[in-house]
Amino acid sequence: MDKEKQDLEKPKTVYETSEVITKKVYKVSPEQKEELDRLSTERLEKLSEGAIPKIRERYEQLIKLRQQQPNADDGGKPPGDSANGER
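Residues numbered from 1 in each chain as written. Predicted model: local features only at pLDDT ≥ 70, side-chain atom pairs only at ≥ 80, totals over all residues. Heavy atoms only, no water.

(A) Here's a closer look at the overall build of the chain. Secondary structure assignment for the chain yields two helices and zero strands. Counting all 87 residues of the chain, 0% fall into the buried class. (Helix = DSSP H or I, 4+ residues; strand = E, 2+ residues; numbered from the N terminus. Buried < 20%, exposed > 50% of the residue type's maximum accessible area, 1.4 Å probe, protein only.)

Take a look at the structure:
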């Protein structure tokens, strides 16, 4: 029964072509380009202003979490001792 259902399902086919995909590009005047660049810069500045406090907050949360958790990496050995006995 399952075999019949699989046979009835449409198989997905992916075609690879060597055709070049083109898209029309419209000319932009220097004034329009300057305005678009300015808007892009303003948008980036606004995003970075919002992102920096969020990054700082996440960093501080990570630091607090690491301070609260016991350090499992050292295995209770004093600093400077390694598994091979090298110093």
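(B) Quick look at the pattern of salt bridges. Taken as a whole and judged by the stated rule, the model has three salt bridges. Its salt-bridge partner being Asp 37, residue Lys 33 comes within 3.0 Å of it at the nearest N-O pair. Of this pair, Lys 33 and Asp 37 both sit in helix H2 (residues 30-68), separated by four residues, roughly a single helical turn. Take Asp 37: its relative accessible area is 40%, and that puts it in the partly exposed class. (Salt bridge = Lys/Arg side-chain N within 4 Å of Asp/Glu carboxyl O.)

(C) Main features of a nonpolar patch on the surface. Taken together, the side chains of Val 28, Leu 36 and Leu 39 define a hydrophobic patch exposed on the protein surface, amounting to about 240 Å² of accessible area. When its relative accessible area of 45% is taken as the criterion, Val 28 is described as partly exposed. (Patch = residues over 30% accessible without salt bridge, like charges linked within 9 Å, V, L, I, M, F, W, Y side chains within 5 Å. Areas by Shrake-Rupley, 256 points an atom, 1.4 Å probe, with all protein chains shown as cover.)

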